Every structure is written in C-alpha cells, then in structure tokens.
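Take a look at the letters that make up each chain.
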Amino acid sequence: MSEEAMERIDLLIEHGLVVTCDRDDRVLDDGAVAIRDAKIVAIGPTHDLRGRFEAGEVIDARGAIVMPGLINVHTHTPMILLRGLADDLPLESWLRCMREASGQVIDEENVAYAAELAYVEMIRSGATTALDMYFYPEALARSAQRTGFRLATGPVFVGSIGLDGLAPDQRLERGRALLRSWQGSPLLIPCVMPHSTYDVPPDILLVAQALADEFDALLSTHAVETRNEVKTVTKLRGAPPIELLGRLNMPSPRTILAHGVHLTPEEIAELARTRAVVVHCPMSNLKLGSGIAAVPEMMQAGVRLALGTDGPASSNDLDLWHAMRMAALLHRGTHEDPALTPARSIVRMATCEGAAALGMGDRLGSLEPGKLADVILVDLRRSHLVPIFDVYSHLVYAVGRDDVSHVVINGRVVLRDRCITTVDERASIATVQRIAGLIGARQVC
Ligand SMILES: [Zn+2]
C-alpha cells in the first residue's frame, strides 16, 4: 500500500503481547493497537497495522503485555491523607477515628489535592478508571480531568451533616445541578452514592435512587461489610441490608454494592436475580478483620462481580494487582481447593467485568475496535517476570504495579516510560505531605 493511501491515526502501540480481554479472551503475539480520537480503531498483527496506518506517535511494546486498563470499582481516594493513621481497629471504631481526623483537613481544596495524587498513584499502578465515593465530588471530577483519569463519581448522601457541611436535605438539589453539569463529559461516569443502609435512612435512600434514575446514573452503596452492620441495620431498620434494599425496590443492574462479605445463600440468589453488582475488596476486608466474601459461591450463582481496593486508609494502597492476587489466593485457602477463582476470571473481574459493573461494558474493559482507548503496558523484561508460559498466571501471581510502564486513557498517554505526563507529580506529593502534616497535631485515634 502506498504512503498516500495510509490512514492517519493518533497512536500505534506495536509489537506487544496483546491481551484483549474480549469475549473470546484473544491473545495476540506481536500485536498492535491503533488509536484515533480516543478510540481503538483496529487491533491485529503488527505488520498488518503498520501497513494500514500512519501514526502520530508510535509506542514500541516489544517485551510488554498490552491490555485494557484496570478498573477499581470501590474507593475513597482523598483518604490517602489518612493512610496508615489508624491500623488495627475494627470498622466502627476505625470509622469514628477517620471522621475525627478528616474533620481537621477535609475541605474542597484539600480533597482536590489528595484526589489528584491518588489518581497519579492509580495511573502508575495500571488503573484507568475508578469509582470514587467521597465528599466534594466536584473536586474529585476536577482532579480526574486534570490527571486525565476516568472517574465514576457523583453526589454522596449521608444520614447527618457531612464533612462538607451539607445537611441531608441540601444534597438533592446540589446533586442534580452537579450531574446536569457533567452531561457529556468524556471522563466522567455519573454515580449517586448513599453511604450505607446503616448511615442513611430509607427515605434518603429513595431520594438518592430517584436522582440516579433521573440521570440514568449508577447507584453505589456499602452493603454487608461486617456482621455487626447486619445486626445494626436489622435493629435500626427492621430488616438486614439486602432485604431492606429489596423492600425499597432498589437492586438493579445499575446498583453497585461494595463488599458483600456476610451474604446468606438466599441473598446471593437474590443479587444474581436482580443483576446487582458486588464489589469484592479483599485487602480492606482482611485488614479491618471484616471477614471473607463468598466469592466462589457468588461466581457459581452468577452474581456480577467487580474488584475494588476500598479507600487507602482501610486497605492502605490503591493497588489492584494486590487485590487481584488476594482475590485469587484467598478463596483457594479457605475452601482448600486450588481450582477456584482461576487467574483468567480474576483478570476479567478487574477489566471487562469492572467495565460492565459501571454500565460501560460496551465502551470499556477490553481491547476491541470501537471501544474507548484505555490501554496499559506491562513491562515483562524484568527479573521476576521471566520466563512466561501463561500470561494470566503472570498478571495475577507475578506482576506488580511497578511493572506498568505506559498508560493510555481516552487515547491520551498519561504515563510514558513511567513518567506522569499530565500533572506535576513532585508538586502533588509535596502538597499532600503538607496537608497531612496538619493531622496529628493532637491525638485523634
Ligand atoms: Zn468503602
């Protein structure tokens, strides 16, 4: 084909081991991905795509895995400010401590600074999208846009006056204005987030659901994280969390429930029936001693699952590779069965199933023509990654976040050769360090 006949594209990633995570789990040796206008336009053998496209930028992925970006479906990023402040506490005391410490530093500006560094941390670890639940969602959205990170977020509902000073009855109108202002934003996925059934009374849960329905947004809440939560909600609201949500007619394919640790077999069947998503957060559940979710049973029952790190104050990092490895290992140990939770299913949980959880299954989560270009490169030329026999085994049991060399989000290279291209990472670190210095002036935990 002549030069003139070649199609112009923005970016060609070539010579990689391409793990598509598509329906057939296609893997291409010496494969290439062509990207134009934020979308993947073609995938195929490098020599084919080289002959078809003339690229503005070429990334040589020789010796690297090229795969969809990881999707973190449950976190609270501004809590990086509190990372490691209070370990070894049960959830309820830990939450009290976090509220006290947050009260000293949380305002809109500091949330934006903290979120910016958290998005940098996630980009560095190969995540391209997260669902982020925190106060000041407008600040989260701004930081995501600055760093070039894709974010599901939106209005938070809590049962009392929040850290942002808003009373429950002020949240609906502000939430509506916020979601209206985000319509058409390429990096934002609208999500309404009532904290939990223990914190938020049923009438406010219904207000949150109505707001989500009005904007065709997702609804995410914490559910069944600890045994104590189940007891508390039953006592307070007359039914355990899942039954309560069912009575309110809330669970749907647009519902995302974080944790789901202490579900009964009947509740698992009900979640499978309603197609609600459960986000497995193994690191946080273990660290807070909350318990171990029945992941193999949920898989067996057909519950839609995704993976999350939870906030960096409870799991202490935002590393989905850790979460993937733990999700693969944990249930084998408890069930004494090495065939459970296969590596390939864990990779899908962190990619295409995470995308589907966010209602973005047709646009994200796999490398396919027509999808948005959220792509990462994992450098295999490292001492701990040689040799390679099974790419999924490597991704779950051997790869770590420092192996991520390039990250592309919405067609834009946001990490190039391990350097963040969008914001000043050093300045961001210094700012968060300064803000964190304000905590601990007095004993809070
Ligand atoms: Zn959480």
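One structure accompanies this document, and this report is about it. (Residues numbered from 1 in each chain as written. Predicted model: local features only at pLDDT ≥ 70, side-chain atom pairs only at ≥ 80, totals over all residues. Heavy atoms only, no water.)

1. What about the overall build of the chain?
Per the secondary structure count, the chain includes 16 helices and 18 strands. Taken over C-alpha atoms, the radius of gyration comes to 21 Å for the chain, in line with the 22 Å a tight globule of 445 residues would show. Judged by the C-alpha coordinates and their principal axes, the chain covers about 70 × 45 × 45 Å. Every one of the 445 residues in the chain was classed for burial, and the buried ones make up 60%. Sequence separation of at least 24 residues holds for 74% of the intrachain contacts in the chain that already meet a minimum separation of 6. (Helix = DSSP H or I, 4+ residues; strand = E, 2+ residues; numbered from the N terminus. Rg over C-alpha atoms; globule rule 2.2 N^0.38 Å. Buried < 20%, exposed > 50% of the residue type's maximum accessible area, 1.4 Å probe, protein only. Contact = heavy atoms within 4.5 Å.)

2. Notes on the packing of helix H5 (residues 171–182) against helix H6 (residues 202–214)
Two numbers describe how H5 lies on H6: the axes approach to 11 Å, and their chain directions differ by 20°. By the criterion of interaxial angle, the relationship of H5 to H6 is roughly parallel. In terms of crossing hand, the pair formed by H5 and H6 is right-handed. Across the interface between the two elements, Leu172, Gly175, Arg176, Leu179 and Arg180 of H5 pack against Val207, Leu211 and Glu214 of H6. (Axes fitted to C-alpha atoms, helices over the stretch in contact; angles between N-to-C directions. Parallel < 35°, antiparallel > 145°, perpendicular 65-115°, else oblique. Left-handed = near helix turned anticlockwise from the far one by under 90°.)

3. Comments concerning the coordination of the zinc ion
Ideal values for angles at a metal depend on the geometry: 109.5 degrees with four tetrahedral donors, 90 or 180 degrees with six octahedral donors. Coordination of the zinc ion by the protein involves His74 (NE2), His76 (NE2), His222 (NE2) and Asp310 (OD), with metal-donor separations of 2.1 to 2.5 Å. Relative to the metal, the four donor atoms surrounding the zinc ion lie at angles of 86 to 174°, and the coordination shape comes out irregular. Using a relative accessible area of 4% as the deciding quantity, one classes His222 as buried. (Donors = N, O, S within 2.8 Å, 3.2 Å for Na, K, Ca; no water. Tetrahedral: all angles 85-135°; square planar, octahedral: opposite > 155°, others 65-115°.)

4. Points about helix H12 (residues 320–335)
For H12, built from 16 residues, the straight-helix expectation of 22 Å at 1.5 Å per residue is met to within 8% by its first-to-last C-alpha distance of 23 Å. Buried within H12 are the following residues: Leu320, Trp321, Ala323, Met324, Ala327, Ala328, Leu330, His331 and Arg332. Taking the backbone nitrogen of Trp321 as reference, a side-chain oxygen 2.9 Å away marks Asp319 as the first, capping residue of H12. Among the residues trailing H12, Glu336 stands out with phi positive, at a value near 50°. (Expected span 1.5 Å × (residues − 1). Polar contact = N/O pair within 3.5 Å; in protein donor to acceptor, adjacent residues only side chain to side chain.)

5. Re the packing of aromatic side chains
By the definition in use, this model includes two aromatic pairs. Centre to centre, the rings of Tyr119 and Phe149 are 5.1 Å apart; their planes meet at 10°, and the pair counts as stacked. Of this pair, Tyr119 sits in helix H3 (residues 108–124) while Phe149 sits in the loop between helix H4 (137–147) and strand E8 (150–153), and the two are 30 residues apart along the sequence. In this structure, Tyr119 and Phe149 share a single accessibility class: buried. Centroid distance Tyr134 to Phe135: 5.7 Å. Interplanar angle 75°. Geometry classified as edge-to-face. Look at Tyr134 and you get buried, because its relative accessible area is 7%. By relative accessible area, which is 12% here, Phe135 ends up buried. (Phe/Tyr/Trp six-rings, centres within 6.5 Å; stacked < 30°, edge-to-face > 60°.)

Read these as spatial facts, not as claims about activity.
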